[in-house]
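Geometric and topological summary
Take a look at the letters that make up each chain.
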Amino acid sequence: MKKTYAYFFILSILAFAQISCQDKKQTTESDVTITTDSTSKINTLENYSPTFRAILKTDAGMVRGLSIGDEMNVIVESAPLSESQPNNGKSYTEYFDDTDLNFADILYVNDSDNKISAISVDIFIEKQMAVDSLMGEFKGYFDKKYGKGKGISKMTVWKLAGVNNELMLQDVSTAKDPGLKIIFAKSGDKLLQ
């Protein structure tokens, strides 16, 4: 009789251990799936250049996870504040290397309700060839995200669906200072002119 109880006891422990191991395995598999899904959302910019990724930071929002209409107090920037600040907004400078030749100035303009009313990104790159490449990356990315833009000279404009906002991408290079400008603003805003 003792052997029967001992045998039943051992079988119960083995069955419990097997169920427990299966639960851990299922939990681990679902954790891996969740991790993979969230990683793929974060890395949607992985096929772009490091400079492109440094400027946009994420695919969320219009630029760096922010959009027109967001509260100014939700701005959390990894870049340092720019040396000079505008009267109506906040400006940050994202450096791409250790020189002062390759950087982007990101300006968030606020309205009277302390919400973002426009976003302007001035990009300065040392070499025109790098500007041309970056221009192609942004044009392709924005075409994919917002639909085909309308090109005029060295500028492309997108009317953003469902809202009264526009996006302008412009090559503002001069012989001495190659660069780009990206502006998100309400249609008719003076920044777009």
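Note: the structure precedes this text.
Nothing here was measured: the structure is a model prediction, and the numbers come from that model.

Points about the side chain of Glu77
Looking at the element boundaries, Glu77 is found in the loop between helix H2 (50-56) and strand S1 (89-95). Accessibility expressed as a relative area gives 18% for Glu77, which makes it buried. Within the local environment of Glu77, its side chain forms a polar contact with the side chain of Arg64, the two groups lying 2.7 Å apart. Within the local environment of Glu77, its side chain forms a polar contact with the side chain of Tyr108, the two groups lying 2.6 Å apart. The residues contacting Glu77, other than those within four sequence positions of it, are Arg64, Tyr92, Ile106 and Tyr108.

Things to note about the sheet that holds S1
In space, the seven strands of this open sheet follow the order S1-S2-S3-S7-S6-S5-S4, with antiparallel pairing throughout. The open sheet terminates on both sides in strands that have one partner only, identified here as S1 and strand S4 (150-152). With strand direction ignored, the average angle separating the axes of adjacent strands in the sheet is 15 degrees. With respect to the sheet, helix H3 (residues 128-146) is in contact with strand S3 (116-124), strand S5 (155-159), strand S6 (165-171) and strand S7 (179-186), its orientation differing from that of S6 by roughly 160 degrees.

Points about the nonpolar core
Tyr108, Val121, Ile123, Phe138, Phe142, Ile182 and Phe184 are the most contacted members of the largest nonpolar core, which totals 34 residues. Contributions of two or more residues to this core are made by H2, strand S2 (103-110), S3, H3, S6 and S7. Counting residues per element, this core draws most heavily on H3, at six residues. Counting eight residues, the second-largest nonpolar core is a separate cluster that includes Ala118, Met168, Ile183 and Ala185.

About the cut-offs
- Residues numbered from 1 in each chain as written.
- Predicted model: local features only at pLDDT ≥ 70, side-chain atom pairs only at ≥ 80, totals over all residues.
- Heavy atoms only, no water.
- Helix = DSSP H or I, 4+ residues; strand = E, 2+ residues; numbered from the N terminus.
- Buried < 20%, exposed > 50% of the residue type's maximum accessible area, 1.4 Å probe, protein only.
- Polar contact = N/O pair within 3.5 Å; in protein donor to acceptor, adjacent residues only side chain to side chain.
- Contact = heavy atoms within 4.5 Å.
- Pairing = 2+ DSSP bridges.
- Axes fitted to C-alpha atoms, helices over the stretch in contact; angles between N-to-C directions.
- Core = buried A, V, L, I, M, F, W, Y, C linked by side-chain atoms within 4.5 Å.

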